[in-house]
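Per-entry structural report
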Amino acid sequence: MLQYDLVIVGGGPAGLAAAVSARDNGIEKILIIERDNELGGILNQCIHNGFGLHTFKEELTGPEYAGRFIDQVKERNIEYKLNTMVMDISHDKVVTAMNRVDGMFQIAAKAVILAMGCRERSRGALNIPGYRPAGIYSAGTAQRLVNIEGYMPGNKVVILGSGDIGLIMARRMTLEGADVQVVAELMPYSGGLKRNIVQCLDDFDIPLKLSHTVIDIEGKERVTGITIAEVGPDRKPIPGTEEHYDCDTLLLSCGLLPENELSKTAGVELSNITSGPVVNDALETNIEGVFACGNVLHVHDLVDFVSQEATNAGKNAAKYIKEGESKSSRNVQIHAVDGVRYTVPCTIRPEEMDDTVTVRFRVGQVYQDCAVATYFGDELVNKRAKKIMAPGEMEQVILLKSKLAEYPDLKDITIKIEEA
């Protein structure tokens, strides 16, 4: 059995940043396992710019951003295996993987970082009526076809869902000569960043229809048309609001799901809201020495935040490998209520935490002229006014270790949305 200090599952932006951080914190025997034939993950097909403003203070494309971290991994001589699939992670951190060179093999790790990213919600999960013709793609599949394979999925396009990939593909398909007719979104708000709505739809006069969904797909061999309709508050189509579009392609951008099959079989506790692991301030799961970061933990809007989170996971995994499990007896629960859907992390250890801990969260609907309030027990300790908050944009609260030290008996922290 192979022996490593740290095994990182996933060679995308999260896995790369975690590996670099762990090496910089003194861990020598690190192995990154990546199922694709190159490092970089989903960034390799994201050829648009807008990456790296926080991390590198300049605007990069996805492959450029990934390239910076790949260079850092290679400079530090961190080992990685490509075309390798992790089959299982046991409770005692034995990783079973396979590839066509080594066959099936096992690695005993002192710590494991989960960085498997996320996947798109498929058509099967959306319950759209109609046949199963050619021409229906997830937005990410279409992005790969256009940007890496060099194929054009279709010419007349309708997009269901206003996630960031769908918005970016509306622009990309238009630039490649396709006619993107409409973006329909089931919810009364967009799932993507405001800047993507402006740059990808408004700038190209592509209509965004909120509270609309696809109710029929026409065509048996290939999509020939799509019917959309407005939905009511119960999200059911309203009779008489149907609109028909002739098209040959339907792109689905209906949300991302953290890729947590491995986490489940390992016994990691998962959140009902995010579908990602429940973690503490060290980004450690309920299994000692197993950490999680990036989109496998919760879906991020900016890759810069993925890298920040992964850097913390790498640093904390390094600390765990050197010092073992902390003996902290006090865990403070963080509760997300009144408009806050979830928080990452879910618990913090006031004695063990870093000087600051960034708590990230998303809201459940669009809020205007409101405030993010933080309570220690029943006492309001911080209230920050916000002009607007939307589910498509991640929010954060920063907790200070020095402030928590003033509350030695604290058991609960509550984060909620209030009137400004």
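This write-up is about the structure you can find in this document.

Structural notes on the sheet that holds strand β26 (residues 395-400)
Taking strand neighbours across the sheet as the criterion, the 3 strands line up as β21-β23-β26 in an open arrangement whose pairing is antiparallel. The sheet is open, and its two edges are formed by β21 (340-344) and β26, each paired on a single side. Neighbour-to-neighbour, the strand axes of this sheet turn through a mean angle of 30°, independent of strand direction. As judged from the 6 bridges shared by strand β23 (residues 356-363) and β26, these two strands associate in the antiparallel manner. Residue pairing for β26: V357 is matched across the bridge by L399.

Considering the sheet that holds strand β15 (residues 225-230)
With antiparallel pairing, the 3 strands of this open sheet are ordered in space as β14-β15-β16. Edge positions in the sheet fall to β14 (212-218) and β16 (243-246), since each has one partner strand and no second. On average, adjacent strands in this sheet sit at an angle of 25° to one another, irrespective of strand direction. As defined by bridge partners, β14 adjoins β15 across 6 bridges and the pair is classed as antiparallel.

Some points on the environment of V20
Within the secondary structure layout, V20 lies in helix α1 (residues 13-24). The class of V20 is buried, set by a relative accessible area of 5%. Residues V20 and N77 lie 57 residues apart in sequence; the distance between their C-alpha atoms is 9.9 Å.

Scoring rules and cut-offs
Residues numbered from 1 in each chain as written. Predicted model: local features only at pLDDT ≥ 70, side-chain atom pairs only at ≥ 80, totals over all residues. Heavy atoms only, no water. Pairing = 2+ DSSP bridges. Helix = DSSP H or I, 4+ residues; strand = E, 2+ residues; numbered from the N terminus. Axes fitted to C-alpha atoms, helices over the stretch in contact; angles between N-to-C directions. Buried < 20%, exposed > 50% of the residue type's maximum accessible area, 1.4 Å probe, protein only.

None of this, on its own, says anything about what the molecule does.
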